[in-house]
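Next come the chains, spelled out residue by residue.
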There are 2 protein chains.
Amino acid sequence: MVTQITSMDENFAQWYTDICKKADLIDYSSVKGCMIIRPYGYAIWENIQKNLDQRFKATGHENVYMPMFIPESLLQKEKDHVEGFAPEVAWVTHGGHEPLTERLCVRPTSETLFCEHFANIIHSYRDLPKLYNQWCSVVRWEKTTRPFLRSREFLWQEGHTMHATAQEAIDETVQQLNEYADFLETDLAIPVIKGRKTESDKFAGAEATYAIEALMHDGKALQAGTSHYFGDGFAKAFDITFTDKENKMCYPHQTSWGVTTRMIGAIIMSHGDDNGLVLPPAVAPIQVVILPIAQHKEGVLEKANELKNRLAKSFRVKLDDSDNSAGWKFSEYEMKGIPVRLEIGPRDIENNVCVLVTRHNREKTVVSLDELETAVAAKLREVRDGIYAKALANREKKTYSCTTIDEINESIKQNGEGFVKAMWCGEEECEDKVKELTGVGSRCIPLVEEALSDKCVCCGKPAKHMVYWAVAY
Amino acid sequence: MVTQITSMDENFAQWYTDICKKADLIDYSSVKGCMIIRPYGYAIWENIQKNLDQRFKATGHENVYMPMFIPESLLQKEKDHVEGFAPEVAWVTHGGHEPLTERLCVRPTSETLFCEHFANIIHSYRDLPKLYNQWCSVVRWEKTTRPFLRSREFLWQEGHTMHATAQEAIDETVQQLNEYADFLETDLAIPVIKGRKTESDKFAGAEATYAIEALMHDGKALQAGTSHYFGDGFAKAFDITFTDKENKMCYPHQTSWGVTTRMIGAIIMSHGDDNGLVLPPAVAPIQVVILPIAQHKEGVLEKANELKNRLAKSFRVKLDDSDNSAGWKFSEYEMKGIPVRLEIGPRDIENNVCVLVTRHNREKTVVSLDELETAVAAKLREVRDGIYAKALANREKKTYSCTTIDEINESIKQNGEGFVKAMWCGEEECEDKVKELTGVGSRCIPLVEEALSDKCVCCGKPAKHMVYWAVAY
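A. A negative patch on the surface, seen in detail. Negative charge collects at one region of the surface, where Glu427, Glu428, Glu429, Asp432 and Glu436 of chain A lie side by side. Examined against the element boundaries, Glu429 of chain A turns out to sit in helix α14 (residues 428–438).

Laid out in structure tokens, this is it:
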């Protein structure tokens, strides 16, 4: 009866893949390294898009669409950028039967295209800021791939903005990082660490890269969004200038920021359990599933339909009145992670009540039909708060403050993988050595640092920063 | 003061390009044959998407996302299909620094990918119908390109459905054609002819292709949407089978249907004038622009803001309180095609009125502020009805019923290009000859045919169908 998936404690990677398939999120195709996002998976993405798009527009951003191709010469205009991306782009060399005079890469990201456009449309301080965003797919030719987490093609949004001053651009970078963090915490119920990447981990061509880092159920970290400050480096490479109020020629300051379908992977690995997916109500395609009990009995289906119509005014609701058994339905909708299940049978109808079951803890509550809307809204909040608390407890349990390399190794050995908080002198050599000796790499320097010690965990020299370290997806 | 664009009567093609640029719809880039869709153009597309997506979902369709690449061997599985598309696809041959073992084309359309997926997920009659849709961009390596009308990359939606019976699939094909027609007529205010393509003009691999054809202001036809019935041809090529209720193995029947950013071109060429764009209210990013008159005078800006807040509850509104002159603002918002302009000055405020100006006919109406919402709604309907009537009058004026080749040539010579209605014997030879002798090609066999004569306009043999002929974009 119960849909078979691997237990998460037994084999977390296999459990993850099982959920992707059994919850009908994805399918594979003959296109290696790419995935098919099926209706249920895509509906989650649509809810993510709608939510973020509103947030972006509320802060003045406008959507645009750039070509999906980048001529090789354009990609090469900014030195660090091309070095970072050239090894992993897909190249178009032929159009129809004819070879192209210049090959084109399929965009891995669109800074170069935006810069070329900005050079065309920015002339005066009156043209600034430009606050653009694009929803599209991008391609990076990864060697090893996993659905949602690392795929040769993935869906994302990429914000690209231009500002008159460095400070404005830095503010934008931080504002968008905060927007991402708030979306993940409030709506996806995933606690995140906001921080800055070390020099070695910056986006190709950026002056500073900020990221939000989340800890998955298995203790591995997942970078869930990035926000980059470019200074005027690209502006200089692409000759983007504007005249300021004093009629002086200046270079504008730039940002870019993005989140991807990877967030669906973060949802799975933050909230899922051995019965399947657990979806945060804010992005669940179905928030409430109504299951009529003994539906052949008089009045049951009618009442179920009546409740559906009532709830549909405020929630995303599905009524399953199919012939499948109650047991099949229970496991199917648990697998799909639907936050609240509503059961209604003949005796409930007599008593003017129904049963609400919350997915994450299977708690049953009998509620009066007179207060159904209020009760469902409260249950959805309970699910959000419950799964957030669970994810936060998991992260807290798996966050280790360490002052020596031995402590790092010991903590991981005893408690499993997790976030290691440790001080760092700022030298890349030490960063590499920590990874070599312990397996955990630097994830970010948190915006709010703690002073765990005054010495680098690796070399013992004066510490400059506290760093979050982890094994990462 | 007035933004300079070429007059449409002088040079329609140049007028079109001028509008694309001057109304800030697009920009060019170094990616030949592709366009940048700027915020104002993209906002029109977003409104089109939102409207159509609701329509598709209301009839049970679900969105999915397929990979953007198609392996060459997969493209080749259906013979007619590969013959139709291979000459115009872009080929990816390298991933990073390494050559691919099999080259991949960037999807020109996704039938092959959907079929491969359908073969995986369709097994029983219980799995049918599958009603899928995808929003994405596709690539066709065109030689000559024009913004929105023909571009190497364009945005579109492609519906792909599978049904247990041929009749169900045919019904779906027609239903979606009707949906497109209703959207264009009701929401874009563009009258269309619904019809079937002749054999020579069918989609590669289809049994029947239906299309909606619109006549542009210059008398050229534009195919604005297509809906294909595939029978079970692809199902056989891709080995998609299901067991029916009697446990018999069957092939399902298939459809696909699509509309593209080309519709923005149709809007421009149906409704635009020498002052710029004229947007149908249903998809206009801004439906009402509020221009305060003598805005430095006490109370004017306050009142303008008050009206903006009132109208924003029901309409998409912009208040322009910039320092630009009234004359500049008038021409700017006429260029952008905003359906209704609201002027409010000190004397209007005294009299508790404002002035509404409809874009398409520049008609001014003084309305009481007490009835503003009703008045604006009525004006928006007026714009929709007015531009629809104008486009329909243009089409009627430029539709010629002809029974001989000479009549066709004479009609076009005297009245300019347009739709030619003429009978046809059904032979491809005659179809080609009509084009050769008159310049007009077959556009479609309308769903509702008239009997203009019983003889083919070309060979004089018995006529099988009435055909709409035209020079097409």
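B. Local environment of the pairing of strand β7 (residues 130–139) of chain B. All names here are of chain B. Of all the 10 residues making up β7, 10 are buried; the element is thus mostly covered by neighbouring parts of the structure. Of the two faces of β7, the one holding Lys130, Tyr132, Gln134, Cys136 and Val138 and the one holding Leu131, Asn133, Trp135, Ser137 and Val139 are both buried throughout. Where strand β3 (residues 62–63) meets β7, two bridges bridge the pair, whose relative direction is parallel. From the neighbouring strand, Asn63 faces β7, where its bridge partner is Asn133. Note: β7 against strand β8 (residues 153–163), 10 bridges, orientation antiparallel. Within the sheet, the bridge partner assigned to Cys136 lies in β8 and is Trp156.

C. Highlighting the environment of Pro339 of chain B. Summarising the element assignment, Pro339 of chain B is placed in the loop between α10 (326–335) and β17 (340–344). Those residues in contact with Pro339 of chain B, other than ones at most four positions away along the chain, are Leu279, Pro281, Ala284, Ile286, Gln287, Val357, Thr358, Arg359, Leu380 and Val383 of chain B.

D. Geometry of the interface of chain B and chain A. Counting residues at the interface gives 54 residues for chain B and 54 residues for chain A. Carbon and sulfur atoms supply 59% of the area that chain B and chain A bury against each other, a total of about 4,500 Å² over both sides. It is Pro39, Tyr65 and Trp141 of chain B that lose the most area in chain B upon contact with chain A, and together they represent 14% of the buried surface on that side. Viewed at the interface, chain A and chain B are joined by four salt bridges. Linking chain B with chain A are 25 residue pairs in polar contact (both at pLDDT 80 or more), by the criterion used here.

E. Geometry of the pattern of salt bridges. By the definition in use, this model includes 59 salt bridges over all chains. We note a salt bridge from Glu213 of chain B to Lys197 of chain B, for which the minimum N-O separation is 2.7 Å. Placement of Glu213 of chain B in strand β10 (residues 208–215) and of Lys197 of chain B in the loop between β9 (193–196) and β10 is noted, with a sequence separation of 16 residues between them. Overall, Glu213 of chain B belongs to the buried group, its relative accessible area being 0%. On the basis of relative accessibility, which here comes to 3%, the residue Lys197 of chain B falls in the buried class. What emerges from the salt-bridge pattern is a single network uniting Asp24, Arg38, Glu332 and Lys336 of chain A.

F. View of the sheet that holds strand β14 (residues 253–260) of chain B. All names here are of chain B. Pairing is mixed in the open sheet, where 11 strands are placed in the order β3-β7-β8-β14-β11-β10-β9-β22-β23-β21-β20. Strands at the two margins of the open sheet, each flanked by one partner only, are β3 and β20 (399–401). Across the face of the sheet, helix α5 (residues 111–121) comes into contact with β7, β8, β11 (221–231) and β14 while running at roughly 150° to β7. Sheet contacts for helix α13 (residues 405–415): β20 and β21 (419–424); angle to β20, the most-contacted strand, approximately 150°.

G. Structural detail: the relation of the copies chain B and chain A. Rotating chain B by 180° and translating it 0.0 Å along the rotation axis places it on chain A, where the RMSD comes to 0.0 Å. Both copies are brought into coincidence by an operation consistent with a two-fold rotation axis. For chain B, the smallest separation between a C-alpha atom and the rotation axis is recorded for Val92 of chain B, amounting to 2.1 Å. Mapped onto chain A, 100% of the interface residues of chain B again fall at the interface, so both copies present the same surface.

Rules behind the numbers
- Residues numbered from 1 in each chain as written.
- Chains lettered and ligands numbered in written order.
- Predicted model: local features only at pLDDT ≥ 70, side-chain atom pairs only at ≥ 80, totals over all residues.
- Heavy atoms only, no water.
- Patch = residues over 30% accessible without salt bridge, like charges linked within 9 Å, V, L, I, M, F, W, Y side chains within 5 Å.
- Areas by Shrake-Rupley, 256 points an atom, 1.4 Å probe, with all protein chains shown as cover.
- Salt bridge = Lys/Arg side-chain N within 4 Å of Asp/Glu carboxyl O.
- Lys, Arg positive; Asp, Glu negative; His and termini not counted.
- Charge placed at Lys NZ, Arg CZ, Asp CG, Glu CD.
- Helix = DSSP H or I, 4+ residues; strand = E, 2+ residues; numbered from the N terminus.
- Buried < 20%, exposed > 50% of the residue type's maximum accessible area, 1.4 Å probe, protein only.
- Pairing = 2+ DSSP bridges.
- Contact = heavy atoms within 4.5 Å.
- Buried area = accessible area lost by both parts, 1.4 Å probe.
- Polar contact = N/O pair within 3.5 Å; in protein donor to acceptor, adjacent residues only side chain to side chain.
- Axes fitted to C-alpha atoms, helices over the stretch in contact; angles between N-to-C directions.
- Least-squares fit on C-alpha atoms with pLDDT ≥ 70 in both.

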